[in-house]
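Structural overview for review
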Amino acid sequence: MLENLNYQLFNLINATPASPEWMIDFATFLAKDLIGIVPALATILWLWGPRSQVKAQRKLVIKVAMALGVSVLVSYILGHAFPHDRPFVDHVGYTFLHHAPDDSFPSDHGTVIFTFALAFLFWHRLWSGSVLMVVAVAIAWSRVYLGVHWPLDMVGGFLVGLIGCVSAAILWSLFGEALYRTLSSLYRAIFAIPIRKGWIRD
């Protein structure tokens, strides 16, 4: 039943040779490049921001890193425990993005961006989490549209993201504060010169 739903949704979303070229180009940008928002935003939050908020921002970055670590590990385990071919391997639909014929479920891109968006929903602001969730859905759509993933691969990424965030909350309660102090000390030691010059926050 789920497999039939997967095929039906894929056929509804997947682009065809008749699809507008600008849509293919836009989806390619979403599918390949927009994931860069994850390291970019994490770096910005750690290095800059209002002095009164830097501590909270850095704690958020650490929680996000914990969640992503768990999510990626769970995704790896599931991918090997429940291997599933990509649509183009099964000769289904049309493919507009080059991709290795590795396991499809759950989506690595989906796992990372949904974990990131959920982390902001849980630990930052409703508005920032909502914006990132829109970004996550756009990336998920694009990778199905271009034919490299099934829709349920993205649902799997979302669920794995939930597991990652719940796990990170537990890990933070156990040793989060100690980890924050250790990483902050390392950061100040390694980046002492740019901190002293005022290029980045202390």
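Note that the structure is a prediction, hence the values are computed from the model and not measured. (Residues numbered from 1 in each chain as written. Predicted model: local features only at pLDDT ≥ 70, side-chain atom pairs only at ≥ 80, totals over all residues. Heavy atoms only, no water.)

1. Thoughts on the overall build of the protein chain
The helix and strand inventory of the protein chain stands at eight helices and zero strands. Counted from the first residue to the last, the protein chain has its helices and strands arranged as α-α-α-α-α-α-α-α. Seen along its three principal axes, the alpha-carbon backbone of the protein chain occupies a region of about 55 × 35 × 30 Å. Every one of the 202 residues in the protein chain was classed for burial, and the buried ones make up 43%. Considering only residue pairs separated by 6 or more positions, the protein chain has 77% of its internal contacts joining residues 24 or more positions apart. Just so you have it, the protein chain exposes about 10900 Å², and 70% of that area is on carbon and sulfur atoms. The averaged location of the 12 negative side-chain charges in the protein chain is 25 Å from the averaged location of its 14 positive side-chain charges. (Helix = DSSP H or I, 4+ residues; strand = E, 2+ residues; numbered from the N terminus. Buried < 20%, exposed > 50% of the residue type's maximum accessible area, 1.4 Å probe, protein only. Contact = heavy atoms within 4.5 Å. Areas by Shrake-Rupley, 256 points an atom, 1.4 Å probe, with all protein chains shown as cover. Lys, Arg positive; Asp, Glu negative; His and termini not counted. Charge placed at Lys NZ, Arg CZ, Asp CG, Glu CD.)

2. Focus on the UniProt feature "transmembrane region" (unreviewed entry) in the protein chain
Listed under "transmembrane region" (unreviewed entry) in the UniProt record, and renumbered for this structure, are residues 26–48, 60–78, 130–148 and 154–175. With 100% helix and 0% strand, residues 60–78 has end C-alpha atoms that lie 27 Å from one another. End C-alpha atoms of residues 130–148 are separated by 25 Å, and the span's content is 84% helix alongside 0% strand. (UniProt positions renumbered as here; feature names shortened; annotations may be inferred.)

3. So, the UniProt feature "domain: Phosphatidic acid phosphatase type 2/haloperoxidase" (unreviewed entry) in the protein chain
Using the residue numbers shown here, the UniProt feature "domain: Phosphatidic acid phosphatase type 2/haloperoxidase" (unreviewed entry) corresponds to residues 61–169. Secondary structure over residues 61–169 splits into 70% helix and 0% strand, and the C-alpha atoms at its two ends are 13 Å apart.

4. What about the side chain of Ser142?
In this structure, Ser142 sits in helix H6 (residues 126–145). Owing to a relative accessible area of 0%, Ser142 belongs among the buried residues under this scheme. Only 3.3 Å separates the side chain of Ser142 from the backbone nitrogen of Ala31, close enough to count as a polar contact. If we skip the residues at most four places from it in the chain, Ser142 touches Ala27, Leu30 and Ala31. (Polar contact = N/O pair within 3.5 Å; in protein donor to acceptor, adjacent residues only side chain to side chain.)

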